[in-house]
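Read off the chains here:
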Amino acid sequence: MLAGWSQKLRGSTAAVITGMALSIVVGVMASTASAAEETPKTDSSKTDAPKADATKSAGERLSGEVQSGDAVIDFINQEIRQAWQDNGLEPSPVADDYEWIRRVHLDIVGHIPEADVVEEFVASKDKSKRSILIDQLLDDPGYVRNWTTVWTNLCIGQNTPRRVSRDGMTKFFREAFGRGRAWNEVVFDLVSAEGHFEQNGAVNYLLAQMQDADDGVQMTAKTTRLFLGMQVQCTQCHDHPFNEWKQDQFWKFNSFFRQTGKIDHRKYDPKSGRDVDDYSEIVWRDFDGPVFFEKRNGLMQVAYPIYFGSEIDPGPVTERRKELAKLMTSGEQPAIALAMVNRMWCHFFGYGFTRPIDDIGPHNPPTHPALMERLATEFVNSGYDPKTLIKWIANSDAYTRTSRLSKKNQADNPAVGEIPMFSRVYVKPMTAEQLYDSLIIATNAHKSGRSGWEQSERQRQVWLQQFVSTFGNDEGEESSSFDGSIPQALMMMNGELVGDAVSFKSGSHLGDILSGKGSDTQKLQKIYLTSLSRLPTKGELNAVQKYFRGSREPLAVYSDLFWALLNSNEFIFNH
Amino acid sequence: MFLQSPSGMSRRHFMGHLAASAATLPALDFIANVQANAAELKKRNKSCILMWMSGGPPSIDIWDLKPGSKNGGEFQPIDTAGALQISEHMPKTALMMNELSVVRAMSTREADHGRGRYYMHTAYAPNPTVVHPAFGSVVSYELGTARKELEIPAFVSIGGGGSSPGFLGMSNAPFLVDASGNIRNAKNEGLSPDRLSQRLSMLGVVEDNFINSQRGDFGQAHKEVYQKAVNLMTSKQMEAFKIDQEKPETIAAYTAAPAQGGMMGGGGTFGRGLVMARRLVERGVPFVEVDFGGWDLHAGVFNALKTNHLPQLDAGIAALTADLKERGLLQDTVLVWMGEFARTPRINQDVGRDHWANSWSVMIGGGGLKGGVAVGETDKDGLTVSSPKAYQPGDIWATVSHALGIPLNRVHQSKRGRPMPLANSGKPIQELIG
């Protein structure tokens, strides 16, 4: 469907290396072929092992021998590896178990692993343990919670807008992820929703875009970005500066949203004697015919509800949003599949196939177009199952790699502007939610059972608010992240959450470790495992010993060490 | 959002700071260092104080009255110490108008709160592909990093909701405080300096390990923000936030409240914010923004102004100007007064005024700029700019840059490498830099 813009970058490796992505709008308008066109270069996808055997570590050999047994994973590995070869890169080594288990936990369930879980995983000799862990995490309740958080934030922001029910929105997503609903059905619901904001939580997405009476402009811009992965908002006022899109493109999309109305109900509160906010709902509004918009030269134009060439009846009876939802979620490789694939890839690797991930278009060629398209098609074929998509990505060879740069892939550094080649997994900052959930694990607060589920959720929301109220703007970048400001540093250094974690109150994790069995070294190891999910190096152990020797309060040394580990850059980054 | 160095920023001098501190680090050393450097603060540091009138103030009732017109409203203009007249409800400020000027020829197009706020703060219209820094972040970047003795953040926002540092990065983000001066988590009670020192020392060890692990720049950026936070915790300059150290008469002068503490309207927070701003400027903070909310007067505008907003505004501006002058700081401190837009000349059916960006006034003074002048004019009904030249926020910020000594040809870079000229290529206003 998006046939016009599929690029074949493989032939233009020079352009890839020099990174002049914008200038390569080479007119090779290939059709969006499936992988049938691409004959794999290697005859067997199982011989993934790099040619230089001498440099292979145990980890690498392990990775090469794990049979994925899955054609999609094999295709991912093949495409990524081919691009490495084309660009003269060799991948970073496979991550050790400590690095990998921490990362996969943060990525799938949104928090660090407990120390016991780390130890068990590292000790296991099962060759397919990584694959098994991925499956386990997908079935963990943390999976539902994490992705509910991610998508609620994407739809309504971290700061809940006025007259929007955050509870309603999270309920909708908890159900979507908890019941394993197909992604296209989820998108259908969000785009076409109507009704009471708690009874049909999906409407909160629309309500959040209706903060101003703007004839659906915000709704149009957000929907195209978030679900279609297309940034058409530039074309609200003029033809797109970098590609073929014309101004009427935006208004054609917008015309689908004009039948959306909302009612903000109020009710009488006997206690205060005043009217207060009650519920909000999305309702039908009569609209038919075209939308009128003004070109920059002042001429009025019309735009009819046409979705990529598919026209719908602009008459008064047509339910435009429902028709739009149908159009968006049908086809073999619709935009919503490409957008989801790109976003999911970015979630795990730190960068997507395009930058930004929600700006897919002819002006922004993807790094691995054949891969991106194949994944989109397969995602559709899987029944739009997010878990299947995650399995493919997380089981890929590239995802097993460390985040460290090596001598052979120095150029693979997107943080300084290079094109990502995924020869390593890139460092990602933790989100505020991930940080909170990880600190809770480090304190063992989740086990102390001191508060019920609802109360814990409230506490979490309250804690999160201290960051959200400070920087409540929408940058629209790849991940909503914890932004590294002074108030956050102060919170980490002096705040209650970390304060509790490093105390040795009874029931606290640190208290348990210190009062438990084991040598000093074993206790230190446990402290490192709890916070950084790894063992201390010899150098670190030596350094800590120095502190013990210089101090008359060994307990204080433990506490301060734990404090330092939780405050460290290594803790706060997902690497 | 991956932290990138804006071009031209020297990480090296920061790394020098950090390397030293990570290695030695007793907190006591920090404190000693700060006290030794206090003397350096006496030299001439330039600053800007932005008074931000959130909601869109009706400048037609404050700085550019139209008494003969049906749009004139209830107030009359009065003479001032400068060459222009202002509202009768700003008598104290009128006495200081030889130091302050009004740009009456603003015409800025954005009449939406969010867009107007963004436009006036950044000098750029909102754009989906890039986030521009508020001008405070620009000043923090241009002047703050060079002030080695400054231990508190270079951009402080008092009472406001914050703005984004955009492509200049988190170390130039506004530091938000409220008018009470309480900073959350700034202290760890019961922690001795020795313990803090031990913690920071261990932190250095762990952090260096990650920084040296070939993972890119993130570790370093994290360390820098922590360094700033620790500086904040241990700095004597934190006293700037403790406005209760001021004499009650001083606070009373700024807040139009009786010395014993009677409150009116906003509770004197604006005045208190200005006191804090002066204290911050004294310690070398180059940019302070003080928020004054509640100006979105779609109804009952004259009553609100007369009884609440203008007495506070008048007292605050006058006291701040006089105070800075007395301390010899006025020629180094630019004062700017603005909102996201102003209000309609036409008075609506609720005796209020609605949003209006077409012709309005911004007040600016101090910092060595010309005082007592009105730049440009509007027609007799206040509907359009009638003088030849109309001004944008970029011109205001260019004027501020001129006064602060920031080169006008500076060009920053967005994260994608797009050039971003200082103040969106605005030009300093000739009548002010005379």
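Residues numbered from 1 in each chain as written. Chains lettered and ligands numbered in written order. Predicted model: local features only at pLDDT ≥ 70, side-chain atom pairs only at ≥ 80, totals over all residues.

## Side note on the sheet that holds strand β2 (residues 260-269) of chain A
All names here are of chain A. Spatially, the three strands line up as an open sheet ordered β1-β3-β2, and their pairing is antiparallel. Pairing within the sheet leaves two strands with one partner each, and these edge strands are β1 (195-196) and β2. Across nine bridges, β2 lies against strand β3 (residues 274-284) in antiparallel orientation. Across the sheet, lysine 267 pairs through a bridge with valine 276, a residue of β3. (Pairing = 2+ DSSP bridges. Helix = DSSP H or I, 4+ residues; strand = E, 2+ residues; numbered from the N terminus.)

## Regarding the nonpolar core
Of all hydrophobic cores here, the largest spans 264 residues; its most connected members are Val341 of chain A together with Val336 of chain B. Broken down by element, the residue count for this core peaks at 12 residues, all from helix α14 (residues 335-349) of chain A. (Core = buried A, V, L, I, M, F, W, Y, C linked by C-beta atoms within 7 Å. Buried ≥ 20, exposed ≤ 12 C-beta atoms within 10 Å, placed from the backbone.)

## Brief notes about helix α12 (residues 247-254) of chain A
Burial analysis of α12 of chain A places eight of its eight residues in the buried class, which makes it a mostly covered element. Those residues of α12 of chain A not exposed but buried are Gln247, Asp248, Gln249, Phe250, Trp251, Lys252, Phe253 and Asn254 of chain A.

## So, the environment of tyrosine 547 of chain A
Its place among the elements puts tyrosine 547 of chain A in helix α24 (residues 538-550). Judged by the 18 C-beta atoms lying within 10 Å of it, tyrosine 547 of chain A is partly exposed. Between the C-alpha atoms of tyrosine 547 of chain A and leucine 561 of chain A, which are 14 residues apart in sequence, the distance is 9.5 Å. Dropping the residues within four chain positions of it, tyrosine 547 of chain A is found in contact with Val557 of chain A together with Gln198 and Met202 of chain B. (Contact = placed C-beta atoms within 7 Å.)

## A few points about the packing of helix α11 (residues 217-226) of chain A against α12 of chain A
For any two helices packed against each other, one specifies the crossing angle of their axes together with the interaxial distance. All names here are of chain A. Where α11 meets α12, the closest approach of the two axes is 9 Å, and the angle between their N-to-C directions is 105°. Our classification of the angle between α11 and α12 gives roughly perpendicular. Across the interface between the two elements, Val217, Thr220 and Thr224 of α11 pack against Phe250, Phe253 and Asn254 of α12. A per-class count over the contact of α11 with α12 returns three nonpolar, three polar and no charged. (Axes fitted to C-alpha atoms, helices over the stretch in contact; angles between N-to-C directions. Parallel < 35°, antiparallel > 145°, perpendicular 65-115°, else oblique. Nonpolar A, V, L, I, M, F, W, Y, C, P; charged D, E, K, R; others polar.)

## Quick word on helix α16 (residues 386-394) of chain A
Think of an α-helix as turning once every 3.6 residues; residues three or four places apart then point the same way. Those residues of α16 of chain A not exposed but buried are Pro386, Leu389, Ile390, Trp392, Ile393 and Ala394 of chain A. Among the structural elements, α3 (71-86), α4 (97-109), α6 (129-139), α9 (183-192), α14 and α15 (369-381) of chain A are those in contact with the buried residues of α16 of chain A.

## A look at the sheet that holds strand β1 (residues 47-53) of chain B
Residues and elements named next belong to chain B. Within the open sheet, the eight strands sit side by side as β6-β5-β7-β1-β8-β11-β4-β12. Their pairing is mixed. The open sheet has two edge strands with one neighbour each: β6 (175-177) and β12 (374-375). One ladder, built from six bridges, connects β1 with strand β7 (residues 287-292); its direction is parallel. Across the sheet, the residue bridging to leucine 50 is glutamate 289, located in β7. Each of β1, β5 (155-158), β7 and β8 (333-339) touches helix α9 (residues 269-282); the most contacted strand, β7, lies at about 175° to it.

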